[in-house]
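Structural features, examined
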Amino acid sequence: MYREARRYKEASPPLDEAVSLTRDASGSDDWLTLQATHELALLRYVTGRWPESEALLLQCLSVAKKIHLDDDHPDVIATENDLGELYSDWGRPTDAENYLRQSLQGYRRYMNGDSTPLVDAMANLAAELRKQQKFEEAEQLGLEAIETARKATETMTPAGMSWSLGDTHGYVARTYEAMGRFDDAERHFRESYEMIRVLAEDDPYGVVSSRVHMEQDMARIALKRGALDLAESFYRESIDGILGYLVMDYNHHENHNIDWSIDGLAQVYENRGDPERVVSFRREVLERVRARVAQLETHREGEERNAKAIAVGHRTIGKLLCDLGEYSQAEEILQQSVRELADAYDTYYSKTVTAREYLATLYTRWSKPEKAAEVLSQNTRPSALGAASSK
């Protein structure tokens, strides 16, 4: 419950206790211990404690194979997929591809047909192949995932399948974008947006979320094409959506990171050869973010979501001040943001790591390389702390 709500610090103690209790009561090779350990591994993953997550997931994989005596059991396949996604985020492409391939092969054998996990496994492997610039196979897998999801939607209409179909269109769009096939990318981005928009019509956050996704994606492609007016329009709309409704903190993957839109729009003005507009725009958006944070501050008490959004807002304010050359102010507020994000999420959580990266960039520009190195060293994740690990 806590993990789904992103209340990670509250989730850790009961999960640690659950693993300890089930292990003491039933042993390390028991199914209940396996489930508790898997949940703890996923918590460590999303909070950026990747070495610990790796050790726990490898332990889960070994136990699942021992318990089920079947490499195609769902527990085995799901753990392989989780390891693949972990290694992909960690920047270990060989390990990521190996585990994602194993997982996909297992789902193909086990599911024997159309299913959300099968579609997701195809999309996950396609995304990793895209990162490695293996575009041909990434495209083929992505299109297969779309067709598999479409058939399943027509015949079974499971609750999650249509979401998977919308997400998969987005994965394929990013592959085409990386290949420079912008017409194909735009078409799939629009299909993804329209499908998710319809599914989220009863969820105002979901509607705005999907629209902001598309605006950022379309703006990025327009910028690459040199369509600066169109890029400006999309970036401005995404900034309005984030500040007006998503309060800068919709989900843990930072899919609506306002900094992307700000940097993108600044790039538009730079490409126009208008450095003065870059500065005036940053000052304009700085005041808007400050006003939004001040508004949220009035409702901080009892509103955990607002506290998190304020922390993200402080991070954006600090980055803007840094970009404007106001280093003393930027240092103070970025340090505050790091503390707030570590307290709200975790010290190695993606948002906290990004805040430290912004602070390190500030020190580099400020000709303080020792401080930059010190800050970046704080992003180094600890070892697995003795957790079991075997491949």
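First, a word on scope: everything that follows refers to the structure included in this document. Keep in mind it's a predicted model, so treat the numbers as computed, not measured.

On a plain count of helices and strands, the protein comes out with 17 helices and zero strands. A buried classification covers 51% of the 391 residues belonging to the protein. As displayed, the protein offers around 17600 Å² of accessible surface, 49% of which is attributable to carbon and sulfur atoms.

Nonpolar side chains in soluble globular proteins tend to end up buried together. I239, V268 and F281 are the most contacted members of the largest nonpolar core, which totals 69 residues. The leading source of residues in this core is helix α10 (residues 204-225), at eight residues. The residues touching F281, leaving out its near neighbours within four places in the chain, are R236, I239, I262, L265, A266 and Y269. Within the second largest apolar cluster, 32 residues are counted, among which are A11, V76, L83 and Y87.

The next thing to look at is the packing of helix α2 (residues 31-46) against helix α4 (residues 74-90). At a minimum axis separation of 12 Å, α2 and α4 run at an interaxial angle of 15 degrees. Considering their axes alone, α2 and α4 lie roughly parallel with respect to each other. In terms of crossing hand, the pair formed by α2 and α4 is left-handed. Taking contact as the criterion, the partners of W31, L34, Q35, H38, L42 and Y45 in α2 are, on α4, D75, T79, D82, E85, L86 and D89. Broken down by class, the residue content of the contact of α2 with α4 amounts to five nonpolar, three polar and four charged.

Looking now at the packing of aromatic side chains. Using the criterion set out here, one finds seven aromatic pairs in the structure. A network of ring pairs unites the aromatic residues W50, Y87, W90 and Y99 as a single cluster. If you follow K368 out to its NZ or CZ, it ends over the ring of W366, 3.7 Å from the centre.

Before going further, it helps to examine unusual backbone geometry. The backbone of Q133 sits at a positive phi, close to 65 degrees, despite the residue not being glycine. Relative to the assigned elements, Q133 resides in the loop between α6 (116-131) and α7 (135-155). Under the relative-accessibility criterion, Q133 is labelled exposed at 60%. A positive phi angle is found at S367, which is not glycine, with a value near 60 degrees. Within the secondary structure layout, S367 lies in the loop between α16 (350-365) and α17 (369-377).

Let's shift gears to α6. Here α6 contains 16 residues, and its C-alpha end-to-end distance of 23 Å stays within 8% of the 22 Å for a straight helix at 1.5 Å per residue. Of all 16 residues in α6, 12 are buried, a share of seventy percent or more. Within the span of α6, buried status applies to L118, V119, A121, M122, A123, N124, L125, A126, A127, E128, L129 and R130. Positioned one or two residues after α6, Q133 has a phi angle of 65 degrees, which is positive.

The next point concerns the packing of helix α5 (residues 93-111) against α6. Where α5 contacts α6, the two axes come as close as 9 Å, and the packing angle between them is 155 degrees. When the interaxial angle is binned, α5 and α6 end up roughly antiparallel. The chirality of how α5 crosses α6 is left-handed. Here P93, A96, E97, L100, R101, S103, L104, Y107, R108 and M111 of α5 lie close against α6, whose contacting residues are P117, L118, A121, M122, N124, L125, E128 and L129. Classifying every residue of the contact of α5 with α6 by side-chain character gives 12 nonpolar, two polar and four charged.

The subject of this paragraph is the pattern of salt bridges. Side chains that carry opposite charge are capable of pairing whenever their charged atoms lie near each other. Tallying each qualifying case throughout the model produces 38 salt bridges. Note that D29 is salt-bridged to K66, the shortest N-O span being 3.4 Å. A residue pair is termed long-range when its members are at least 10 positions apart, and D29 in the loop between α1 (8-26) and α2 and K66 in helix α3 (residues 50-68) qualify at 37 residues. Residue class for D29 comes out partly exposed when judged on its relative accessible area of 41%. Two residues, D184 and R187, come together in a salt bridge whose shortest N-O distance is 3.2 Å. In this pair, D184 and R187 both sit in helix α9 (residues 182-199), three residues apart, roughly one turn of the helix. For R187, a relative accessible area of 40% translates into the label partly exposed. Three or more residues are tied together by salt bridges with common partners; here these are D229, E232, R236, R272, R277 and E284.

Calculation rules
- Residues numbered from 1 in each chain as written.
- Predicted model: local features only at pLDDT ≥ 70, side-chain atom pairs only at ≥ 80, totals over all residues.
- Heavy atoms only, no water.
- Helix = DSSP H or I, 4+ residues; strand = E, 2+ residues; numbered from the N terminus.
- Buried < 20%, exposed > 50% of the residue type's maximum accessible area, 1.4 Å probe, protein only.
- Areas by Shrake-Rupley, 256 points an atom, 1.4 Å probe, with all protein chains shown as cover.
- Core = buried A, V, L, I, M, F, W, Y, C linked by side-chain atoms within 4.5 Å.
- Contact = heavy atoms within 4.5 Å.
- Axes fitted to C-alpha atoms, helices over the stretch in contact; angles between N-to-C directions.
- Parallel < 35°, antiparallel > 145°, perpendicular 65-115°, else oblique.
- Left-handed = near helix turned anticlockwise from the far one by under 90°.
- Nonpolar A, V, L, I, M, F, W, Y, C, P; charged D, E, K, R; others polar.
- Phe/Tyr/Trp six-rings, centres within 6.5 Å; stacked < 30°, edge-to-face > 60°.
- Lys NZ or Arg CZ within 6 Å of the ring centre and 35° of its normal.
- Expected span 1.5 Å × (residues − 1).
- Salt bridge = Lys/Arg side-chain N within 4 Å of Asp/Glu carboxyl O.

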